Amino acid sequence: MQIKMETNHNRSVYINTAATTVVCPRACVLKRIVVTTTAAGAITVYDHAATATGMPTALLKASIVENSYEFDCKMLNGIVVVTAGASFITVVYEEIQPN
């Protein structure tokens, strides 16, 4: 199940399955990943608009404990997250407004 929510300027996507999820298909800032139960598998983040290709931007190992992992990282193309197991995570990001 994936749920998208908007709160102020930040937006979030909740992921609780092993999946490849397009969190944001455009330039944005990855604010944080909140792991709400010990990760069932690795969590990999890519700077891409649609697929999990290229060099990963971030990797949280399998069995990483519950916590809020701060990134505040500009993603030029978008955010794609791959969850290797049925981990319960929330990805928080902020869209970059075009000038």
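Preceding this paragraph is the structure being described.
The rules behind the values
- Counting restarts for each chain: residues are numbered from 1 in the order of the written sequence.
- With pLDDT at 70 or above as the cut-off, local features in this predicted model cover only qualifying residues; side-chain atom pairs require 80 or more to be listed or tallied, and sums for whole chains, interfaces and linings still use all residues.
- For side-chain calculations, the full set of non-hydrogen atoms in the structure is used, while hydrogens and water are omitted.
- Runs of H or I in DSSP of at least four residues are treated as helices and runs of E of at least two as strands, each being numbered from the N terminus.
- Between the two quantities, the radius of gyration covers C-alpha atoms and the globule rule is 2.2 Å times the number of residues to the power 0.38.
- Working rule for contacts: check all heavy atoms of both residues, and any pair within 4.5 Å makes them a contact.
- A positive count includes Lys and Arg, and a negative count includes Asp and Glu. His and the chain ends are not counted in either.
- The atoms used to mark charge sites are NZ of Lys, CZ of Arg, CG of Asp and CD of Glu.
- Only protein chains enter the accessibility calculation, which uses a 1.4 Å probe. A residue is then buried if its area is under 20% of the maximum for its type, exposed if over 50%, and partly exposed in between.
- For the purposes of these results, a polar contact is taken to be a pair of N or O atoms within 3.5 Å, where, inside protein, one atom must be able to donate a hydrogen and its partner to accept one; residues adjacent in sequence count only when each atom of the pair is a side-chain atom.

Caption draft 1: Geometry of the overall build of the protein chain. What the protein chain contains, in helices and strands, is zero helices and nine strands. Counted from the first residue to the last, the protein chain has its helices and strands arranged as β-β-β-β-β-β-β-β-β. Whereas a compact globule of 99 residues would reach a radius of gyration of roughly 13 Å, the protein chain reaches 12 Å, a difference of no more than 12%. Principal-axis analysis of the C-alpha atoms places the extent of the protein chain at approximately 40 × 30 × 20 Å. Contacts in the protein chain between residues far apart in sequence, at least 24 positions, make up 76% of those at least 6 positions apart. In the protein chain, 7 side chains carry a positive charge and 7 a negative one; their mean positions are 3 Å apart.

Caption draft 2: The arrangement of the environment of Ala86 in detail. Along the chain, the position of Ala86 falls in the loop between strand 8 (79-83) and strand 9 (89-95). Counting along the chain gives 58 residues from Ala86 to Cys28, while the straight-line C-alpha distance between them is 25 Å. Once you skip the residues sitting within four places of it in the chain, Ala86 turns out to touch Asn16, Thr17, Ala18 and Ala40.

Caption draft 3: Structural detail: the side chain of Ser87. Tracing the backbone shows Ser87 in the loop between strand 8 and strand 9. Ser87 gets classed as buried once you look at its relative accessible area, which sits at 1%. A distance of 2.9 Å separates a polar side-chain atom of Ser87 from the backbone nitrogen of Ala40. Once residues within four sequence positions are removed from consideration, Ser87 is found in contact with Ile15, Asn16, Thr17, Ala39, Ala40 and Gly41.

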